[in-house]
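Read off the chains here:
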Amino acid sequence: MNEIARADYRGQHRATLRRTLIAAALVALIIFSWQMAEIRPAAFFAADSIAAVIDFLKGLFPPDLSTDFLRIVFVAAGRTVAIAIAGTLLSIIIGLPLGVIATSTLFRRGVLLAGERRGVSTFLLAGVSRAARALLGFLRAVPDLMWGLLFVVAVGLGSLAGALALAVSYAGVLGRVYADVFESVDARPLEALHATGATRSQVFVRAVWPQSKPAVIAYTLYSFECCMRAASVLGFIGAGGIGYEISLSMRLFRYDQVLTLIIAFILLLTATDAFSRYLRRRLRANAPQGTLAHERVNGLGSVLITGISLERVMNIAIAITAIAIVTGSFYASGFFDGSLMDATLLQRMGRFVGAMMPPEVSASFLRSLVEPLFQTIGISVMGTLIGMAIGALLALPATATLIFIEKDEAGKRSRTERAARRGIYTFARTVLSLLRSIPELVWVLMCIIAVGLGPFAGAVAIGLHTGGVLGKLYAETLEEAPENPLEALRSTGARRVQVLVWGIWPQARPMLVSYTVLRWETNLRVSTVLGLVGGGGLGQAIYNNIQLGFYTRVATLILVVYALVVTTDWIGDRLRERPAS
Amino acid sequence: MTRTPPILFLRFFALILIAVFLLAAGCNKSAKPLTLRLSMIPNTDPGRIVRESQSLVSYLERETGAKVELTVPTNYAAVVEAIANDQVDIAYFGGFTYVQASERAGVRPLIQRERDQNFHSLFITQSDSPINSLEDLKGRTFAFGDVNSTSGHLMPEYFMRQSNVDAEVIAKAVYMGSHDATALAVANKKVDAGAMDEAIYQRMTSEGKLDQSKVRVFYTTPPFFDYVWAARKGLDSKLTDAFSNAFLKLDPENAEHEQLLEFLSATKYIRAEDSDYDKLRQAARDAGLMK
């Protein structure tokens, strides 16, 4: 008894110590980040900043809707869509094989290898599989914009560079996700097939693929949405499309055109969202049921019985449209002026990679990286904090369960109050969606107008976008808090605030922490590229060194970014596993 | 169980790809007519160059007899790389990018505007600022343009070093990315001072983009060589001659020519010499901006 009490005490003591240490570390990190990101809240309230922002806002209206400019916008939007489609398809082509090879249950462990003699080939295959996984991790860790900048220099300006950048970057994302999906399937069918003497490829086609197909399709669609977003901003570094036009109009001080372009951008994203939601819904509604054999018989049966049914004609029509869109996309992305089959394309890329070797590691160069590295970390931390603040502030009025009156109170409140509450809710939701639909890179350009070039503009830009993302996630988490404990609290007469503090908060906290940490990981990646458009940090160093042709330094910088992202992911995983309690 | 379109889509994936690749192979253009691929780095006004370049293109097509393709990149390094890879035939470089391209790709200079032989950078600050000379920059924040810009970075930095401006000012300077951005940052007091292209300063003030009551010039650099059109190594000399002549014969008395000259912010074109850029080369090496 005594023993247990002492252990308990020691455990508590250790927990307190841990909490104190974590809190101290956090405070230190924030102070450090504050300094590195050169946070100057006063800069917002300087008369000149306010005047510049007002000028900018006035310049936005009315948006330029002249026919000439709309034509430019239309072409740019088309090019962005083309880049996104071509990029997504290429990323599947690269990502799927790599993902299969990287699947550990196929090549490294699990039922397939259980009975196998461990020969040289097994060993070799495991090595290749591991290498594929590492490659995917690398492709994923280097931000898409950075790939864009590299491809712009390696293969030339324009859509081709954009599509290739997306292809490489999202191949990393997709390949990793595919591998994870393949690994998480039910192992019993694999085992059963393996026992019948099926080869590895047969096991994959008959057992792994059917189980993972829905998840693979869902993730691929999601990745297409991300590609669309990324394609729009890739233009900033010269890869064509809407981003290119935004940066041009920004340079020309044609803010009215900027507004038109931003509206077009938001419309484009909304349409993409709607399109992929539609596809997903159809997919779910028609999800295959029963076994593979059953499905095949059915499929064969319907063909035999109905012959050429209306449905079949429809499907063929859809397929033809798809081919046309895809072909058009590749055409518009510049693949058809011989460049896809152009032997010199590979040669040029090879030459470029060759020029990057070996990465420069001179002491003076490495020393010069310390400051931008810390700046990047500082920007990501401060950006996330600003985002948390904005998100938390807007999440409360955007939480339906908090802002609307509970059913049993319906009669007690006046109609005007209900209207006011609905108004506040709608306002908060609209602001949140506006904040998150404008990408960080566009926010940076606007923040530069307000607070000048540098890390502070970068931190605020990340904060604004993150605020929109986190606000929505926070609100949804709060809304989804299980109802029963809240009901119990309310029945004791607890007021709204008390319900929030004692009912919703404890239930929602782990999710809130997890979302925030995840977002910080994303923001770190973003803060490495903000410098490409003037937001400070490592991006600036990469941009300058590419511009000056110091490719061996660029190689070092990319490795630094890679190490930074891997480290952050690792820390993030730890934080999410054991949220600081 | 019927096949749904999305799944069908995936089923057709392979087919689509085959179609695309076949098309791509089929579209490999063979025996194009003589094409001159030009690239113009938008030092002055990218949007205008992109959106108003048609008259220049048709003039050059007439004069050279070749089909002219003009690209307007926003990235200096990409042009240097493209001309090294024979993807661009003739490009318009700033002085510093010309020097980089001549080192890396062996480009040859062709022609330039008369004013490019006698170019200056301007150092600007706010009208009410206490800064009156380069020495006063100590302890102040300073803005350059793009890191690759001759008049926005290389030469201003060179003359700052020559005048022994505090090294901290240069080390802490920000790179705005463009001359316009530098001008605006100074006007809006985001930085204490900045260096920019004189031609762009003149354009911005005359067009009212830059409020002259807000900024003033406190130092003008000695003259240096800047912008130049240069051809890639191995380009047919008949083409380069035709190209150069088309520019050399531009005459402000001629109405069509006058419009082109106005578009190019030029009065007269003259031949360019590589040796004129030796001083610039040295400046770039001294500043560690070129190996």
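Every value quoted in this text rests on a predicted model; they were computed, and no experiment measured them. (Residues numbered from 1 in each chain as written. Chains lettered and ligands numbered in written order. Predicted model: local features only at pLDDT ≥ 70, side-chain atom pairs only at ≥ 80, totals over all residues. Heavy atoms only, no water.)

**Some words on the sheet that holds strand E10 (residues 228–231) of chain B**
Residues and elements named next belong to chain B. Sheet architecture is open: six strands sit in the order E2-E1-E3-E10-E4-E11, paired in mixed fashion. For this open sheet the edge positions go to strand E2 (67–71) and strand E11 (269–271), each flanked by a neighbour on one side alone. Taking the axes of each pair of neighbouring strands and ignoring which way they run, one obtains an average angle of 25 degrees across the sheet. Where strand E1 (residues 35–40) meets strand E3 (residues 90–93), three bridges bridge the pair, whose relative direction is parallel. Bridged to Leu38 within E3 is Ile90. (Pairing = 2+ DSSP bridges. Helix = DSSP H or I, 4+ residues; strand = E, 2+ residues; numbered from the N terminus. Axes fitted to C-alpha atoms, helices over the stretch in contact; angles between N-to-C directions.)

**Topic: the domain arrangement of chain B**
Residues and elements named next belong to chain B. Partitioning chain B into structural domains gives domain 1 (35–117 + 225–277) and domain 2 (120–220). When each unit is reduced to the centre of its C-alpha atoms, the spacing between domain 1 and domain 2 is 27 Å. Between domain 1 and domain 2, the buried area comes to about 1,000 Å², and carbon and sulfur atoms account for 45% of it. In this assembly, domain 1 and domain 2 are joined by six residue pairs in polar contact (both at pLDDT 80 or more). Among the elements of the structure, helix H5 (76–84) and helix H6 (95–105) are those that each provide at least two residues to the side of domain 1 that touches domain 2. Top contributing element to the side of domain 1 that touches domain 2 by residue count: H6, with four residues. Here the residues of the side of domain 1 that touches domain 2 sort into five nonpolar, six polar and three charged. (Domains from an automatic or database assignment. Buried area = accessible area lost by both parts, 1.4 Å probe. Polar contact = N/O pair within 3.5 Å; in protein donor to acceptor, adjacent residues only side chain to side chain. Nonpolar A, V, L, I, M, F, W, Y, C, P; charged D, E, K, R; others polar.)

**Details of the domain arrangement of chain A**
Residues and elements named next belong to chain A. In terms of domains, chain A is made up of domain 1 (62–303 + 329–356) and domain 2 (366–577). Contacts between the two partners involve 26 residues from domain 1, matched on the other side by 28 residues from domain 2. Contact between domain 1 and domain 2 buries roughly 2,400 Å² in total, counting both sides, with carbon and sulfur atoms accounting for 85%. Across the contact surface, domain 1 and domain 2 share zero salt bridges. Across the domain 1-domain 2 interface, the total number found is one residue pair in polar contact (both at pLDDT 80 or more). Counting only elements with at least two residues in the side of domain 1 that touches domain 2, the list comes to helix H7 (120–141), helix H8 (144–155), helix H11 (200–234), helix H12 (242–251), helix H13 (255–285) and helix H16 (343–356). Counted by class, the side of domain 1 that touches domain 2 contains 23 nonpolar, one polar and two charged residues. (Contact = heavy atoms within 4.5 Å. Salt bridge = Lys/Arg side-chain N within 4 Å of Asp/Glu carboxyl O.)

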